[in-house]
Amino acid sequence: MRWWEELARVVVPVACAGCGAPDEPWCAACRAALGAPVRCESGAPRLDRLDGRPVLPVWACAPYVGAVRAAVVAWKDRGRADLDPGMRAVLASASRRLAPSLAGVLAGRELLVVPVPSSAAAVRRRGADLVGGLAGAVAAELRRS
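Quick caveat, the model's predicted, so the values are computed rather than measured.

A few points about the overall build of the chain
When you go through the chain residue by residue, the secondary structure sums to six helices and two strands. Shown N-terminal to C-terminal, the secondary structure of the chain runs as helices and strands in the order α-α-β-β-α-α-α-α. When the backbone C-alpha atoms are referred to their principal axes, the chain occupies close to 55 × 30 × 25 Å. When contacts within the chain are restricted to residue pairs at least 6 apart in sequence, those whose partners lie at least 24 apart make up 50%. By element, 60% of the accessible surface of the chain is carried by carbon and sulfur atoms, the whole surface being about 9600 Å². Between the centroid of the 20 positive side chains of the chain and the centroid of its 13 negative side chains there is a distance of 4 Å.

Right, dumping it as C-alpha cells:
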C-alpha cells in the first residue's frame, strides 16, 4: 500500500461493508458468501402468476441475509461507491457461469437483462443508477460469453 493510501485510511477509516472488519472495503470472507448462481424462483414470489407457477427464471448468488445484505445495503443506500467494482465482478462471474445454460434454453431467442428500476429520487441520492449499471455489466458479460 502506498503511503498516501495509508494516510487516507487513518483520516477516513474504512471497514468491510459486510462484517465491519477494519481496513478492508469488502473482505474476502464476505465476498466468498457470494457463490455460483442458483435457481431460486421460490424466493421471488412477486414474479409468479396468479396460479403460483413461475413466469421468469430467477437466479441468486446468495440469500439476501447477513453480510451479503449488509454489503448490498451499504453499496446501494449508504454511499459505498468503493464496492461498485466488487459488485460488478461478482455479477460478471455469475454471468459467465450462467451463459452456457442460458444459451441452451434460449435456442437463438433474444435475452433481455432488465434491472428493477430505481426511482428518480434514489438515482439522484445515490449519484448514479447503480442497478442499471450492474444490468449493463451483466449484459456485456453475457454477450462476451
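From this point, the discussion proceeds with the structure in view.
Thoughts on a nonpolar patch on the surface
A contiguous nonpolar surface patch, about 720 Å² in accessible area, is contributed by Trp3, Trp4, Leu7, Val10, Val11 and Val12. Here valine 12 shows up in the loop between α1 (3–11) and α2 (28–32). Note on valine 12: relative accessible area 58%, which makes it exposed.

As for the environment of glycine 136
Assignment of secondary structure puts glycine 136 in helix α6 (residues 130–144). Sequence separation of glycine 136 and arginine 88 is 48 residues, and the distance between their C-alpha atoms is 9.6 Å.

Side note on the nonpolar core
Counting 18 residues, the largest nonpolar core has Trp26, Leu34, Trp75, Leu83 and Met87 as its most contacted members. Elements with a minimum of two residues in this core: α3 (66–77), α4 (84–106) and α6. Per-element accounting of this core gives the leading share, four residues, to α3. Apart from residues lying up to four places away in sequence, leucine 83 is in contact with Ala17, Pro25, Trp26, Ala71, Ala74 and Trp75.

What about the packing of aromatic side chains?
In this description, an aromatic ring pair is defined by two values, namely the gap between the centres and the angle between the planes. Using the criterion set out here, one finds zero aromatic pairs in the structure. Above the plane of the ring of tryptophan 59 lies arginine 39, whose end atom (NZ or CZ) is 5.2 Å from the centre.

Calculation criteria
- Residues numbered from 1 in each chain as written.
- Predicted model: local features only at pLDDT ≥ 70, side-chain atom pairs only at ≥ 80, totals over all residues.
- Heavy atoms only, no water.
- Helix = DSSP H or I, 4+ residues; strand = E, 2+ residues; numbered from the N terminus.
- Contact = heavy atoms within 4.5 Å.
- Areas by Shrake-Rupley, 256 points an atom, 1.4 Å probe, with all protein chains shown as cover.
- Lys, Arg positive; Asp, Glu negative; His and termini not counted.
- Charge placed at Lys NZ, Arg CZ, Asp CG, Glu CD.
- Patch = residues over 30% accessible without salt bridge, like charges linked within 9 Å, V, L, I, M, F, W, Y side chains within 5 Å.
- Salt bridge = Lys/Arg side-chain N within 4 Å of Asp/Glu carboxyl O.
- Buried < 20%, exposed > 50% of the residue type's maximum accessible area, 1.4 Å probe, protein only.
- Core = buried A, V, L, I, M, F, W, Y, C linked by side-chain atoms within 4.5 Å.
- Phe/Tyr/Trp six-rings, centres within 6.5 Å; stacked < 30°, edge-to-face > 60°.
- Lys NZ or Arg CZ within 6 Å of the ring centre and 35° of its normal.

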